[in-house]
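Here's the letter readout for the chains.
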Amino acid sequence: MTKKKLIAGNWKMNGSLAANDALVRALVAGMKDAACTVAVCVPAPYLAQVQALCAGSALELGAQDVSPHEQGAYTGEVSAAMLKEFGVRYAIVGHSERRQYHGETDEQLGRKVAAAIKHGLVPILCVGETADDLEKHGPSAVPVAQLRAALAGAGLVDKKGTPDIVVAYEPVWAIGSGQAATAEQAEQVAAKLRETLAELLGADVADATRILYGGSVKSGNIASFMREPNVDGALVGGASLDVTEFASIARFQKHVGT
Ligand code: PEP
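What comes next concerns the included structure. Because the structure is a prediction, the values reported are computed rather than measured. Sequence order as written defines residue numbering, which begins from 1 separately in each chain. Owing to the predicted nature of the model, reporting of local features is limited to residues with pLDDT of at least 70; listing and counting of side-chain atom pairs is limited to 80 or more, with chain, interface and lining totals taken over all residues. To obtain the side-chain values, all non-hydrogen atoms of the structure were included, while hydrogens and water were left out.

### Considering the site of the ligand
We call a residue near a molecule or strand whenever a single non-hydrogen atom of that residue lies within 4 Å of it. The ligand sits among 14 residues. The nearest are K12, E170, G176, S216 and G237. Between the ligand and G176 there is a distance of 2.6 Å, counted from an oxygen atom to a backbone nitrogen or oxygen. Here a polar contact is recorded for every N or O atom pair within 3.5 Å, except that within protein the pair must consist of a potential hydrogen donor and a potential acceptor, and residues adjacent in sequence are included only if both atoms are side-chain atoms. A distance of 2.7 Å separates an oxygen atom of the ligand from a polar atom in the backbone of S216. Accessibility throughout is a Shrake-Rupley quantity obtained with a 1.4 Å probe, and a residue counts as covered only by protein chains that appear here. Considering the ligand on its own, with 290 Å² of exposed area, one finds that the protein chains cover 97% of that surface. Placement of the ligand is best described as lying within the second largest pocket. Amino acid classes used here: Ala, Val, Leu, Ile, Met, Phe, Trp, Tyr, Cys and Pro are nonpolar; Asp, Glu, Lys and Arg are charged; the rest, including Gly, are polar. Partitioned by chemical class, the residues of the shell around the ligand number 4 nonpolar, 8 polar and 2 charged. The definitions used throughout rest on a 1 Å grid laid over the protein atoms alone, on which a cavity is an enclosed set of points accommodating a 1.4 Å probe that cannot get out and a pocket is an open set flanked by protein within 12 Å on both sides along at least five of seven lines; lining residues are those having an atom within 4 Å of a point. Throughout, a molecule is located in a cavity or pocket provided that more than half of its atoms lie within 2 Å of its grid points.

Right, dumping it as structure tokens:
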């Protein structure tokens, strides 16, 4: 089955009203011929601004986190229902920076995945090993365990229905380091993640789920990842803040020749 590839930019805690305006206008103009789905995951205060800038274009909107709670006394959190009101389609869940700096656990992340799905958002569930994990356990053990735990925590295992979820394989050692995984490494882990999806959610869901690679993706290496059969797109951090780079990444088909 053919899935549209997804290129999602993660701005992290970057941006300003002026910078976002310039970046999104240029992106909307520059990615007209992108044959994949393109999204930007922006800091929560800028959702309304970017929603307005994306209006009428194919550029989709994402958030960088979502609360597991519906509403109430959870100071600082943003609910899935609130994100939905701002036209958000994707919510990153379990980025390694949130796991590391905010101590987010797989159990909490499962509840975030469930909250996102309940409100019609597509969670982009991030999994990935540290350099230490890689040395001790090899490349796929930790990402697969994180995926299993989050799907179980979300109550999705062995349930009927086909949740629209995106899994992003992001080796922690590759994020922001300039040292991307090789396409072969990304494919090896993506294939294991798909096998795990098939085991837990069924073959159809596994086939339909987009698995992204993230970690130092640039215009110069995107094509190599996109050639891999189990890599359905990329989650892009630093390079998503540079319009020339990000637009070029989003037009990767030109490099791949598809
Ligand atoms: C990320 O933050 O998800 C990421 C992949 O960052 P970078 O592309 O900068 O490595």
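### A look at helix 11 (residues 243–250)
In terms of burial, helix 11 is a largely internal element, 6 of the 8 residues being buried. The set of residues buried in helix 11 consists of E245, F246, A247, S248, I249 and A250. In this structure D242 caps helix 11, since a side-chain oxygen of it lies 3.0 Å from the backbone nitrogen of T244. Here the term buried applies to any residue with accessible area under 20% of the maximum for its type, exposed to any over 50%, and partly exposed to those in between, with areas from a 1.4 Å probe on protein chains only. Secondary structure is summarised from DSSP: a helix means a run of H or I of at least four residues, a strand means a run of E of at least two, and numbering begins at the N terminus for each.

### Observations regarding the layout of surface pockets
In this structure, the largest pocket encloses a volume near 620 Å³. Taken together, 29 residues make up the lining of the largest pocket; nearest its centre are Q64, D65, R98, H102 and E104. When residues of the lining of the largest pocket are traced back to their parent elements, those giving at least two are helix 4 (96–102) and helix 5 (106–118). Taken together, the residues of the lining of the largest pocket sort by class into 13 nonpolar, 8 polar and 8 charged. Grid points are joined across faces, edges and corners, and a volume is the space filled by probe spheres set on the points. Computed from the structure, the second largest pocket encloses a volume of approximately 160 Å³. If you go around the second largest pocket, you meet 17 residues; those closest to its centre are K12, G176, S216, G237 and G238. A per-class count over the lining of the second largest pocket returns 5 nonpolar, 9 polar and 3 charged.

### Let's talk about the pairing of strand 7 (residues 210–214)
Across the 5 residues of strand 7, 5 count as buried, placing the element largely inside the fold. Taking every second residue as pointing to the same face, both faces of strand 7 are buried, with R210, L212 and G214 on one and I211 and Y213 on the other. At least two bridges found by DSSP between two strands are what make those strands a pair. For strand 6 (residues 166–169) and strand 7, the ladder comprises 4 bridges, and the chain directions are parallel. Looking at strand 7, one finds that V167 is bridged to I211. As defined by bridge partners, strand 7 adjoins strand 8 (residues 233–236) across 2 bridges and the pair is classed as parallel. In the strand pairing of strand 8, G214 is matched with L235.

### Considering the packing of helix 7 (residues 141–153) against helix 8 (residues 183–201)
Interhelical geometry of helix 7 versus helix 8 gives an angle of 30° and a closest axis separation of 10 Å. Overall, the two elements helix 7 and helix 8 adopt an arrangement that is roughly parallel. Along this stretch, helix 7 crosses helix 8, giving a crossing that reads as right-handed. Counted together, P143, V144, L147, R148 and L151 of helix 7 and V189, K192, L193, T196, L197, E199, L200 and L201 of helix 8 form the full contact between these two elements. Tallied by class, the residues present in the contact of helix 7 with helix 8 amount to 9 nonpolar, 1 polar and 3 charged. Lines fitted to the C-alpha atoms define the axes, with helices restricted to the stretch that makes contact. Angles between their N-to-C directions range from 0 to 180 degrees. These descriptions rest on fixed angle ranges, namely under 35 degrees for roughly parallel, over 145 for roughly antiparallel, 65 to 115 for roughly perpendicular, and the rest for oblique. Definitions for this section: a left-handed crossing has its near helix turned counterclockwise from the far helix by less than a right angle. A right-handed crossing has that turn clockwise. Note on contacts: a residue pair qualifies if any of its non-hydrogen atoms lie within 4.5 Å across the two residues.

### Topic: the packing of aromatic side chains
Side-chain rings of Phe, Tyr and Trp (the six-membered ring for Trp) are treated as a pair once their centres are within 6.5 Å; stacked means planes under 30 degrees apart, edge-to-face means over 60, and tilted covers the remaining angles. Tallied over the entire structure, the rule returns 2 aromatic pairs. When the ring of Y213 is compared with that of F225, the centres are 4.3 Å apart and the planes differ by 15°; the resulting orientation is stacked. Of this pair, Y213 sits in strand 7 while F225 sits in helix 10 (residues 222–226), and the two are 12 residues apart along the sequence. Taken together, the ring pairs in this structure connect Y169, Y213 and F225 into an aromatic cluster. Charge over a ring is defined by NZ of Lys or CZ of Arg lying within 6 Å of the ring centre and within 35 degrees of the ring normal. Lying across the ring of Y90, R89 places its NZ or CZ 5.5 Å from the centre.

### Observations concerning the sheet that holds strand 3 (residues 60–63)
Spatial ordering of the closed barrel is given by 1-2-3-4-5-6-7-8, a layout of 8 strands whose pairing is parallel. Each strand of the sheet is rotated relative to its neighbour by a mean of 25°, with strand direction disregarded. For strand 5 (residues 122–127) and strand 6, the ladder comprises 4 bridges, and the chain directions are parallel. The partner of V127 across the bridge, within strand 6, is Y169. Of the strands in this sheet, strand 4 (90–93) and strand 5 touch helix 5, which is tilted by about 160° from strand 5. Taken strand by strand, helix 11 contacts strand 1 (6–10), strand 2 (37–42) and strand 8, and its axis lies near 160° from that of strand 1.

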